[in-house]
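Coordinate inspection notes
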Amino acid sequence: MTIKDIGFVGTGAISEAMVRGMLAEPAYAKKVYLSPRNAATASRLKAEFDDVEVATGNQAVVDRCDIVVLAIRPQIAREVVSALVFRNGQSVISLVAATERQALLDWIDADVHLVQAIPLPFVSERRGITTIYPPDRGVAALFDTLGGTVQCASKKEYDLLAAASSLMSTYFGVMEITTAWLEENGLERSKAQAFLAPLFESLARRANNGLGIEFADLCGEFATKGGLNEQVLNDFRTKGGQTSLQDALDRVLARIEGRA
Ligand SMILES: NC(=O)c1ccc[n+]([C@@H]2O[C@H](COP(=O)([O-])OP(=O)(O)OC[C@H]3O[C@@H](n4cnc5c(N)ncnc54)[C@H](OP(=O)(O)O)[C@@H]3O)[C@@H](O)[C@H]2O)c1
């Protein structure tokens, strides 16, 4: 199934990723309207895809589309959204981080159908999991095309997964810290990278093979009793690694929930 048209207010990194995912063959959207900012990104997408139009401004995007994606930074969201006139019944998908649903509805000031979403950059390859709140069949179908959807039943669930998504850089951080350690101990950096990237890819694939295997079971499967993997996991758990990770998640959740 495809959608007729979809418009983006804010043409930055995540809009570009979504547009690339939606317009990959077979295309999910018949027409994509972009707001003119950022001009370089908008014109690059227009040059690449026949079904992209760059609108004259944000209001033109809202006027032309039944589904409008808000993809501007939180700092300017109030100013940008309050200036727009929405239609009752319009579908609005907000990607704006750390912004309360009620605040968005107040700024929109029309009886729209609002869903909040956190797509990840991998939507460009149709391999990005997206969290949405509240559950919505149509919006879930869109993000299923882009790699998958988790439909949150409550704001708490949505905030918790937003906190979990802040681990992306740390995933690479573990690889970088290990690479630096290998280098300090005499291994060429390029060999460390050539070893670690495929190792982590295989591990992630094992965890996501569709069988729903529990992570705790994988910990056991990859740790021989008394072996090296078990030793490192035990050190991580007992010498501060686990506490640091849990504290970091607590702190980021507090920030997402406006408590810090
Ligand atoms: N990147 C991600 O992986 C990701 C994932 C989920 C959610 N989000 C959320 O999605 C939103 C956008 O993120 P992003 O990473 O795409 O940010 P971004 O790359 O900075 O894109 C924001 C875009 O908004 C444009 N803009 C600035 N003022 C505008 C205005 N008055 N009207 C219309 N557009 C305007 C900017 O254009 P100029 O460059 O010309 O200023 C820029 O292209 C944020 O709220 C972010 O938290 C991002």
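Residues numbered from 1 in each chain as written. Predicted model: local features only at pLDDT ≥ 70, side-chain atom pairs only at ≥ 80, totals over all residues. Heavy atoms only, no water.

Moving on: the overall build of the chain. A count of helices and strands for the chain gives 12 helices and 8 strands. By its C-alpha atoms, the chain is 65 × 40 × 35 Å across when sized along the principal axes. Put simply, the chain has 260 residues, and 36% of those count as buried. Relative to all contacts within the chain whose residues are 6 or more apart in sequence, the contacts with residues 24 or more apart total 50%. On the chain, roughly 15,300 Å² of surface is accessible, and the fraction owed to carbon and sulfur atoms is 55%. One finds the centroid of the 27 positive side-chain charges in the chain at a distance of 2 Å from the centroid of its 32 negative side-chain charges. (Helix = DSSP H or I, 4+ residues; strand = E, 2+ residues; numbered from the N terminus. Buried < 20%, exposed > 50% of the residue type's maximum accessible area, 1.4 Å probe, protein only. Contact = heavy atoms within 4.5 Å. Areas by Shrake-Rupley, 256 points an atom, 1.4 Å probe, with all protein chains shown as cover. Lys, Arg positive; Asp, Glu negative; His and termini not counted. Charge placed at Lys NZ, Arg CZ, Asp CG, Glu CD.)

Accessible area lost when the parts come together is the quantity often used to give the size of an interface. When the domains of the chain are assigned, the result is domain 1 (3-153) and domain 2 (166-256). Centre-to-centre separation of domain 1 and domain 2, based on C-alpha positions: 33 Å. (Domains from an automatic or database assignment.)

Moving on to the site of the ligand. The environment of the ligand is made up of 20 residues, and the closest members are Ala 13, Ile 14, Arg 37, Ile 72 and Arg 73. Ala 13 places a polar main-chain atom, nitrogen or oxygen, 2.9 Å from an oxygen atom of the ligand. A distance of 3.0 Å separates an oxygen atom of the ligand from a polar atom in the side chain of Asn 38. Coverage of the ligand by the protein chains reaches 74% of its 880 Å² of free accessible surface. For the shell around the ligand, the elements supplying multiple residues, two or more each, are α1 (13-23) and α4 (74-82). (Near = heavy atom within 4 Å. Polar contact = N/O pair within 3.5 Å; in protein donor to acceptor, adjacent residues only side chain to side chain.)

The 8 strands lie next to each other as β3-β2-β1-β4-β5-β6-β7-β8, forming an open sheet whose pairing is mixed. Among the strands making up the open sheet, the edge pair consists of β3 (52-54) and β8 (149-151). Geometrically, the sheet is characterised by an average inter-axis angle of 25 degrees between neighbouring strands, direction not taken into account. Packed on one face of the sheet, α1 meets β1 (3-9), β2 (29-34) and β3 and runs near 160 degrees to β2. The strands touched by helix α7 (residues 155-164) are β6 (113-118), β7 (130-133) and β8; relative to β7, the strand with the most contacts, the crossing angle is about 155 degrees. (Pairing = 2+ DSSP bridges. Axes fitted to C-alpha atoms, helices over the stretch in contact; angles between N-to-C directions.)

For the rest of this paragraph, the subject is helix α8 (residues 168-184). Over its 17 residues, α8 extends 25 Å from the first C-alpha to the last, a length consistent with the 24 Å expected when each residue adds 1.5 Å. Where α8 is concerned, the buried positions are Met 175, Thr 179 and Leu 182. Angular distribution of buried residues about the axis of α8 spans 60 degrees; they occupy a single face of the element. In α8, the exposed residues that point more than 90 degrees away from the buried face are Ser 169, Ile 177, Trp 181 and Glu 184. On the buried face of α8, the contacting elements are α9 (189-207). Downstream of α8 by a residue or two, Gly 186 has a phi angle that is positive, lying close to 105 degrees. (Expected span 1.5 Å × (residues − 1). Arc of directions from axis to C-beta.)

Here we come to the nonpolar core. Across soluble globular proteins, you tend to see nonpolar side chains buried next to one another. Counting 30 residues, the largest nonpolar core has Ile 6, Phe 8, Val 32, Ile 93, Leu 142 and Phe 143 as its most contacted members. Of all the secondary structure elements, the ones that give two or more residues to this core are β1, α1, β2, α2 (39-48), β4 (67-70), β6 and α6 (137-145). Looking at this core, the element that brings in the most residues is α1, giving 5 residues. With 23 residues, the next largest nonpolar core counts Val 9, Val 81, Phe 86 and Ile 108 among its residues. (Core = buried A, V, L, I, M, F, W, Y, C linked by side-chain atoms within 4.5 Å.)

Counting through the fold element by element, Asp 136 comes out in the loop between β7 and α6. For the buried Asp 136, no salt bridge exists, and the shortest N-O distance to an oppositely charged side chain is 8.0 Å, to Arg 137. Engagement of the side chain of Asp 136 in a polar contact is seen with the backbone nitrogen of Gly 138, the distance being 3.0 Å. Within polar-contact distance, the side chain of Asp 136 engages the backbone nitrogen of Val 139 at 2.7 Å. In contact with Asp 136, not counting residues within four places along its chain, are His 113, Val 115 and Gln 151. (Salt bridge = Lys/Arg side-chain N within 4 Å of Asp/Glu carboxyl O.)

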